[in-house]
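Chain and residue survey
Here is how the chains run, residue by residue.
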Amino acid sequence: MQLIGMLDSPYVRRTAISLTLLDIPFEHRSLSVFSTFEQFKAINPVVKAPTLLCDDGSVLMDSSLILQWAEATHPQGRSLWPAPASLQAAFRAVGLALAACEKSVQIVYERNLRPPAAQHAPWLTRVQGQALAAYAALEAQIVALPTLFEAMAHPAITAAVCWQFTQTMLADEISAGDHPQLSALSKRLEQHSVFRQYLPDGPGVRPATD
């Protein structure tokens, strides 16, 4: 299998880390949806990262769906989800992290791709508020359910990857000081060997530093 997309995408990075932890072999091809658009389009005409090119030639998209398929077809039945009793909390945590990440990406795209004269300040304010609300709720969940984030599983992985992306791109607006639990979680997981194997490499994104 081939995982297509650059590791400056938190969604690609989340997928690569999770597949590796599941012991599912794959080749990573670092193609950009911008600078290598035509190469990407030849693999997936939708040009969406991450793209998973399966062994039979089928193309899958969306990090959550790729990982759901990978776990469902894993020969050992391994999963990065917790026991059923904790699933609701785990789904909530991952949903909050992905929502915050989505809003962070929208802010970055609005500022970096749209001409300054065409940027809509009320829209940016609204999206930033949504990102802050999601991260505030996620911070509170870590405080309330710390054990949910102790295991190297989807809640911790997704929260850490999304927080790292936001802090790299929007640290002046979404303060680490206001989210000490998320910052500590990110710092801890970024030292893990699998996280270090897939550093967030790409234009405008650098690995977190102490």
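Here, every reference points to the structure presented above.
The text that follows walks through the structure, step by step, so that each part is easy to find. (Residues numbered from 1 in each chain as written. Predicted model: local features only at pLDDT ≥ 70, side-chain atom pairs only at ≥ 80, totals over all residues. Heavy atoms only, no water.)

Here we come to the overall build of the chain. Counting secondary structure elements, the chain contains 8 helices and 4 strands. Moving toward the C terminus, one meets the helices and strands of the chain in the order β-α-β-α-β-β-α-α-α-α-α-α. Each of the three principal axes of the chain carries a C-alpha extent, and together these read 45 × 45 × 30 Å. Across the 210 residues that make up the chain, the buried fraction comes to 46%. Across the chain, every contact between residues at least 6 apart in sequence was considered, and the portion connecting residues at least 24 apart equals 67%. Per element, the accessible surface of the chain, about 10400 Å² overall, is 56% carbon and sulfur. (Helix = DSSP H or I, 4+ residues; strand = E, 2+ residues; numbered from the N terminus. Buried < 20%, exposed > 50% of the residue type's maximum accessible area, 1.4 Å probe, protein only. Contact = heavy atoms within 4.5 Å. Areas by Shrake-Rupley, 256 points an atom, 1.4 Å probe, with all protein chains shown as cover.)

The subject of this paragraph is the sheet that holds strand S4 (residues 59-61). The strand order across the open sheet built from 4 strands is S2-S1-S3-S4, with neighbouring strands paired in mixed fashion. The open sheet terminates on both sides in strands that have one partner only, identified here as strand S2 (27-29) and S4. Pairwise comparison of adjacent strand axes, ignoring direction, gives a mean angle of 25 degrees for this sheet. Across 3 bridges, strand S3 (residues 51-53) lies against S4 in antiparallel orientation. From the neighbouring strand, Leu53 faces S4, where its bridge partner is Val59. Those strands touched by helix H1 (residues 10-21) are strand S1 (2-4), S2 and S3, and its axis lies near 160 degrees from that of S1. Sitting on the sheet, helix H3 (residues 63-72) is in contact with S3 and S4, with an inclination near 125 degrees to S4. (Pairing = 2+ DSSP bridges. Axes fitted to C-alpha atoms, helices over the stretch in contact; angles between N-to-C directions.)

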